[in-house]
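A structural walkthrough
Each chain is listed here by its residues.
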There are 2 protein chains.
Amino acid sequence: MTYCVGMVLEKGLVLMSDTRTNSGVDNISVFRKMFTWQVPGERIITLMTAGNLATTQAVISQLEERAKEPDERDNAILKSPTMFQVATEIGRLLRDIISERQGVNGDRGHGRFTASIIVAGQIKGMEPRLFMVYPEGNFIEASLDTPFFQIGETKYGRPIIIRGYDRQMSLEDGVKLLMVSFDSTLKANLSVGLPLDLQVIERDSYESSHQHRVTHDDPYFQAISSSWGDALKNAFHSLPDYSFYFED
Amino acid sequence: MTYCVGMVLEKGLVLMSDTRTNSGVDNISVFRKMFTWQVPGERIITLMTAGNLATTQAVISQLEERAKEPDERDNAILKSPTMFQVATEIGRLLRDIISERQGVNGDRGHGRFTASIIVAGQIKGMEPRLFMVYPEGNFIEASLDTPFFQIGETKYGRPIIIRGYDRQMSLEDGVKLLMVSFDSTLKANLSVGLPLDLQVIERDSYESSHQHRVTHDDPYFQAISSSWGDALKNAFHSLPDYSFYFED
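In this report, the structure presented in the accompanying data block is examined. Keep in mind it's a predicted model, so treat the numbers as computed, not measured. The residue count restarts for each chain, going from 1 along the sequence in the order it is written. The naming scheme follows written order: chains are lettered A onward, ligands numbered 1 onward. Reporting in this predicted model follows two pLDDT cut-offs: at least 70 for local features of residues, and 80 or more for side-chain atom pairs to be given and counted; totals over whole chains, interfaces and linings ignore these cut-offs and use all residues. The basis for the side-chain values is all heavy atoms of the structure; hydrogens and waters are excluded.

1. Overview of the pattern of salt bridges
- We count a salt bridge whenever a side-chain nitrogen from Lys or Arg sits within 4 Å of a carboxyl oxygen from Asp or Glu. This model, assessed by the stated rule, comprises 30 salt bridges over all chains.
- The partner of R129 of chain A in a salt bridge is E141 of chain A, with the nearest N and O atoms 2.7 Å apart. With R129 of chain A in strand β8 (residues 129-133) and E141 of chain A in strand β9 (residues 139-141), this pair connects stretches of sequence that are 12 residues apart.
- Taking the shortest distance from any N to any O, the salt bridge between D183 of chain B and K187 of chain B comes out at 3.2 Å. Counting from the N terminus, the helices are DSSP H or I runs at least four residues long and the strands are E runs at least two residues long.

2. Thoughts on the sheet that holds strand β11 (residues 196-202) of chain A
Residues and elements named next belong to chain A.
- Within the open sheet, the 5 strands sit side by side as β10-β1-β2-β11-β12. Their pairing is antiparallel. Since the sheet does not close on itself, it has two edges, and those belong to β10 (148-152) and β12 (210-214), each with one partner. Neighbouring strand axes in the sheet, compared pairwise and without regard to direction, differ in orientation by 10° on average.
- Strands pair, by our definition, only if DSSP identifies at least two bridges between them. Sheet analysis places strand β1 (residues 3-9) next to strand β2 (residues 12-17), joined by 6 bridges and oriented antiparallel. Looking at β2, one finds that V8 is bridged to L13.
- The strands touched by helix α4 (residues 171-188) are β1, β2, β11 and β12; relative to β2, the strand with the most contacts, the crossing angle is about 25°. Under this scheme, a helix contributes an axis fitted over its contacting stretch, all axes are lines through C-alpha atoms, and angles between N-to-C directions fall in the 0 to 180 degree range. Contact definition: two residues touch when any of their heavy atoms are within 4.5 Å.

3. Description of the pairing of β10 of chain A
Residues and elements named next belong to chain A.
- Of all 5 residues in β10, 4 are buried; the element is thus mostly enclosed.
- Examined bridge by bridge, β1 and β10 share 5 bridges and lie antiparallel to one another. Each residue of the ladder has a partner; that of V5, found in β10, is Q150. A simple rule labels every residue: compare its accessible area, found with a 1.4 Å probe on the protein chains alone, to the largest value its type can have, and call it buried under 20%, exposed over 50%, or partly exposed in between.

4. Let's talk about the sheet that holds strand β1 (residues 3-9) of chain B
Residues and elements named next belong to chain B.
- Spatial ordering of the open sheet is given by β10-β1-β2-β11-β12, a layout of 5 strands whose pairing is antiparallel. A strand with exactly one partner marks an edge of an open sheet, and here the two such strands are β10 (148-152) and β12 (210-214). Adjacent strand axes in the sheet meet at a mean angle of 10° when their direction is disregarded.
- The strands that helix α4 (residues 171-188) touches are β1, β2 (12-17), β11 (196-202) and β12; relative to β2, the one it contacts most, it runs at about 25°.

5. Re the side chain of S181 of chain B
Residues and elements named next belong to chain B.
- Counting through the fold element by element, S181 comes out in helix α4.
- Here S181 falls in the buried class, since its relative accessible area comes to 0%.
- Residues contacting S181, with those up to four places away along its chain left out, are Y3, G157, I160 and I161.

6. Observations regarding the interface of chain B and chain A
- Residue-level contacts link 48 residues of chain B with 48 residues of chain A.
- Accessible area that two parts lose when put together, evaluated with a 1.4 Å probe and summed over both, is termed the buried area. A combined buried area of about 4,500 Å² lies between chain B and chain A, and 67% of that area is made up of carbon and sulfur atoms.
- Contact with chain A buries area across many residues of chain B, yet R163, Y242 and F244 of chain B alone supply 21% of it, more than any other trio.
- Residue D241 of chain B is joined to K176 of chain A by a salt bridge in which the shortest nitrogen-to-oxygen separation is 2.9 Å.
- As used in this structure description, the phrase polar contact means that two N or O atoms lie within 3.5 Å; if the pair is within protein, one of them must be able to donate a hydrogen and the other to accept it, and residues adjacent in sequence are counted only when both atoms belong to side chains. The tally of links between chain B and chain A comes to 18 residue pairs in polar contact (both at pLDDT 80 or more).
- Mapped onto the side of chain B that touches chain A, the elements with two or more residues apiece are α3 (158-164), α4, β11, β12 and α5 (219-238) of chain B.
- When residues of the side of chain B that touches chain A are assigned to their parent elements, the largest contribution, 14 residues, is made by α5 of chain B.
- Amino acids outside the nonpolar list (Ala, Val, Leu, Ile, Met, Phe, Trp, Tyr, Cys, Pro) and the charged list (Asp, Glu, Lys, Arg) are all regarded as polar, and Gly is one of them. Along the lines of polarity and charge, the residues of the side of chain B that touches chain A split into 26 nonpolar, 10 polar and 12 charged.

7. Some thoughts on the packing of aromatic side chains
- Only the six-membered ring of Trp is used, alongside the rings of Phe and Tyr, when aromatic pairs are assigned; centres must lie within 6.5 Å, and planes under 30 degrees apart are stacked while those over 60 apart are edge-to-face, with the rest tilted. Enumeration over the complete set of coordinates arrives at 12 aromatic pairs over all chains.
- Arranged with centres 4.5 Å apart and planes meeting at 35°, the rings of Y3 of chain A and F182 of chain A form a pair that is tilted. Here Y3 of chain A, found in strand β1, pairs with F182 of chain A, found in helix α4; they are 179 residues apart in sequence, far enough to count as distant.
- One aromatic cluster is present, built from ring pairs that chain together F84, F131 and F139 of chain A.
- We call a charge positioned above a ring when the Lys NZ or Arg CZ atom is no farther than 6 Å from the ring centre and deviates by at most 35 degrees from the ring normal. A cation over an aromatic ring shows up here: K176 of chain A above the ring of F236 of chain B, its NZ or CZ 4.9 Å from the ring centre.

8. Things to note about the side chain of S225 of chain A
- By the secondary structure assignment, S225 of chain A is in helix α5 (residues 219-238).
- Excluding residues that lie within four positions of it along the chain, S225 of chain A makes contacts with D183 and K187 of chain A together with R163 of chain B.

Geometric descriptors of this kind do not, in isolation, establish any biological role.
Below, the structure written as structure tokens:
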């Protein structure tokens, strides 16, 4: 499994992904799931992937190849005029790769090669944008009402984001929120694992403002992980107590 | 979907279940998922069910019929000498009902009639016990290492139980913990819905010590739901702040 989150704040985008892939519990590997293309000062585009690893690697490799020769390929994401067109192109590529695999494998491939992708970024002169691309190639965009997208093992870490999110929060607080969400997920599910990749894209910087790999011995993540338990317990005890003698 | 939790504390058992059943989002109903049989002063047995509603209702109805004529049926749960035998009998009944449905419906029924059941209770002279019964009829028992079972939509509400559980906590705090876990789940998933059923079985009381239906206008649940958001935000802000200028 996987866990990736992309979040839109007033001040920019905060992105985090884990790196665990597994094919059964006895076949676990570390693969990067966050990929960035940038033309500093002009655009930055970051993808996070979940699903069949062969599918997502094929998407990333094709985008890499196109990016290396942007002049020859009109659909290179480094040349697309808008983030909408970037998402459209990635959706087309993802759908083509999945349907080709399913075509070759017939019925046996049904659903096995599926994947989804979070696309985040900003192009000069436009707003930072965040998309979720489905295996069918279509996609949705984050909005004021739904300002974050999760893919993979999304449920454990969702309640804290729902409760903690505030569009006005600092980028640092956005990172803290995702650290807590990942910590809750890691504690509950073995299929999501360290190290984590973190990227912050400050609004109108058109480049990666901060990038960090969170490993097992990361002091900040360790501090979050150990103090969140105590903080939750304090929060819990601050709630009104239940009594068996309420009137029913 | 469904969400039910059974939890073993030093002082007894705390059980909570929702009441929403759905067959598609346009066909939602309220059905009780918590069922109790007791001989006050001698035994109390409570079941919570998740899965196919026709299956779980068939299990409950058969147990009801047997309970009404306990002298005629050796396998009535009101006569079983131990909780282990109660769980065994419920497992057998559950498996028989599922496999009969699948037999009649052939391949089309594969997996569609599945259900699982949490069995909790205490019989005089023995410990309070908590089991999780699988659709195959086998079951596992809660232990010091795994002191609670969840069925249904389990993921959203799991991190807070993992973090907040303490075997020594009061029964009232146990209720509070499950209220928070249910609130997190309700906030994130429409397939789990109010009202909730709550039951507390104090150790060595051999009867239901407290029972309560939590409805939309329940003042305690409303208080938990509204103050948990603030409490979480305070907990979040009490954590160390992230800085982009850590050494990497």
